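Per-entry structural report
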Amino acid sequence: MLYSRILLLQIAFVCTMCSGLMAQANMTEPDPLRFEEEIDSFAGWDAKNSAPDDALLFVGSSSIRFWDTAKAFPDYPVINRGFGGSHLSDVLYYYDRVIGRFDPSMILLYCGENDIAAGLDPDKVFDDYTELLSRIGQPFPDADVVYISIKPSGSRQAFTDQFEAFNERVKKFNETTNRLHYVDLASLLIHDNGTPDDSLFVDDRLHLNENGYRLWNEKMREFLADIR
């Protein structure tokens with residue numbers, strides 16, 4: 001009798017795990033139209049202002065959106081097209097409006113964190129990344145593309161292993177092509193014991209504060225000085 005109960009509990013546990021895995025595998029990308037108003041605001045700005053040629057084009061989610069890239073990199077022409085909460089699938093959907101309409105010399109991408117944290121299969125996220133690279137490579141074969149590592153944060157510590165694995169996968173992939181680059185900004189945000197340094201984040205323990213961006217600015221300036 002006891003054996004039967006244990007067996008039933010084991011079966012129930014396996015079924016629960018399988019259900020969770022199936023739910024994750026069946027996760028679909030969110031509706032990109034949730035950003036339509038924000039993308040329209042970019043279009044309004046672009047209609048009134050000329051875009052610089054050979055610019056550094058920063059694209060991606062809130063880590064890009066909240067980054068004062070124009071102030072951080074005054075020696076370079078800069079365009080910022082970050083829209084908070086975005087997935088790589090959103091960047092693909094709005095490609096023509098946030099990337100394709102410009103003539104960048106370098107595209108700096110921070111995206112993928114929200115995708116993985118939402119439960120999307122990392123393989124699907126990586127496929128979205130390589131699809132975006134393909135889209136970029138057709139009209140901009142001479143542009144450098146820089147992937148900025150997914151950052152650790154106190155609010156998303158449960159995803160740390162997945163973030164690190166995805167970063168390593170992108171790093172290795174980018175090493176295969178001269179114009180693809182990987183910049184590790186994630187390691188700047190952790191203590192010696194590997195946990196995120198909350199002093200570098202705002203109260204939500206997800207987005208960087210001024211001190212966090214100061215570290216990013218210093219590391220990115222070094223990278224740009226070496227590559228350009």
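This text follows the structure it describes.
Residues numbered from 1 in each chain as written. Predicted model: local features only at pLDDT ≥ 70, side-chain atom pairs only at ≥ 80, totals over all residues. Heavy atoms only, no water.

Considerations on the overall build of the protein chain
We count it as follows: Segments assigned H or I by DSSP are reported as helices when at least four residues long, segments assigned E as strands when at least two residues long, and all are numbered from the N terminus. Type-normalised accessible area, obtained with a 1.4 Å probe on protein chains alone, sets the label of each residue: buried when under 20%, exposed when over 50%, and partly exposed for intermediate values. Throughout, a residue-residue contact means that at least one pair of heavy atoms, one from each residue, lies within 4.5 Å. All accessible-area figures derive from a Shrake-Rupley calculation using a 1.4 Å probe, and residue coverage is judged against the displayed protein chains alone.
The helix and strand tally for the protein chain stands at 10 helices and five strands. Residues counted as buried form 44% of the 228 residues belonging to the protein chain. Put simply, 74% of the contacts in the protein chain that link residues at least 6 apart link residues at least 24 apart. Summing over all exposed atoms, the protein chain offers an accessible surface of approximately 12,100 Å²; the carbon and sulfur share of this is 53%.

Some thoughts on the sheet that holds strand 3 (residues 106-110)
Inclusion rule: Paired strands, in this sense, are two strands between which DSSP finds at least two bridges. Note on geometry: axes are C-alpha line fits, over the in-contact stretch for helices, and angles between N-to-C directions span 0 to 180 degrees.
Taken together, the five strands give an open sheet; going across it, the order is 2-1-3-4-5, and neighbouring strands pair in parallel fashion. Edge positions in the open sheet fall to strand 2 (78-82) and strand 5 (180-183), since each of these has one partner strand only. If you compare each strand with its neighbour and ignore which way they point, the axes differ by 20 degrees on average. Two elements, strand 1 (residues 56-60) and strand 2, share five bridges in a ladder whose sense is parallel.

Considerations on the pattern of salt bridges
Note the following rule: In what follows, salt bridge is the name for a side-chain nitrogen of Lys or Arg lying within 4 Å of a carboxyl oxygen of Asp or Glu.
This structure, assessed with the given rule, holds 15 salt bridges. A salt bridge links Asp90 to Arg34, with the nearest nitrogen and oxygen atoms 2.8 Å apart. Residue Asp90 is located in helix 5 (residues 88-93), and its partner Arg34 is located in the loop between helix 1 (2-25) and helix 2 (36-48); the two are separated by 56 residues in the primary sequence. Note on Arg34: relative accessible area 39%, which makes it partly exposed. With a shortest N-O distance of 2.9 Å, Glu113 and Arg156 are connected by a salt bridge. With Glu113 in helix 7 (residues 113-117) and Arg156 in the loop between strand 4 (144-148) and helix 9 (160-174), this pair connects stretches of sequence that are 43 residues apart.

A short note on the packing of helix 8 (residues 122-137) against helix 9
Which entries qualify depends on this criterion: A crossing counts as left-handed when the near helix is turned anticlockwise from the far one by less than a right angle, and as right-handed when that turn is clockwise. Only Asp, Glu, Lys and Arg are considered charged, only Ala, Val, Leu, Ile, Met, Phe, Trp, Tyr, Cys and Pro nonpolar, and every remaining residue, Gly among them, polar.
Two numbers describe how helix 8 lies on helix 9: the axes approach to 11 Å, and their chain directions differ by 35 degrees. In this structure, helix 8 meets helix 9 at a crossing whose hand is right-handed. Facing Pro122, Asp123, Val125, Phe126, Tyr129, Thr130 and Leu133 of helix 8, the residues of helix 9 in contact are Gln162, Phe166, Arg169, Val170, Phe173 and Asn174. Of the residues assigned to the contact of helix 8 with helix 9, the class counts are eight nonpolar, three polar and two charged.

Let's talk about the packing of aromatic side chains
Heads up, the rule is: Pairing of aromatic side chains requires ring centres within 6.5 Å, counting the rings of Phe and Tyr and the six-membered ring of Trp. Pairs whose planes differ by under 30 degrees are stacked, by over 60 edge-to-face, and all others tilted.
Counted according to the given criterion, the structure contains 17 aromatic pairs. Ring plane angle 70 degrees and centroid distance 6.5 Å describe the contact between Tyr129 and Phe173, whose orientation is recorded as edge-to-face. In this pair, Tyr129 is assigned in helix 8 and Phe173 in helix 9, connecting sequence segments 44 residues apart. Residue classification places Phe173 among the partly exposed positions, given a relative accessible area of 30%.

Focus on the environment of Arg205
Relative to the assigned elements, Arg205 resides in the loop between strand 5 and helix 10 (210-227). In this structure, the C-alpha to C-alpha distance between Arg205 and Gly154, residues 51 residues apart in sequence, is 5.2 Å. In contact with Arg205, not counting residues within four places along its chain, are Ser153, Gly154, Ser155, Gln157 and Asp198.

Description of unusual backbone geometry
Its identity is not glycine, yet Asp54 carries a phi of approximately 55 degrees, on the positive side. As for its placement among the helices and strands, Asp54 is situated in the loop between helix 2 and strand 1. Relative accessible area serves as the criterion here: at 46%, Asp54 is assigned to the partly exposed category. In this structure, Arg205 takes a positive phi of about 60 degrees despite not being glycine. The exposure class of Arg205 is partly exposed, given its relative accessible area of 34%.

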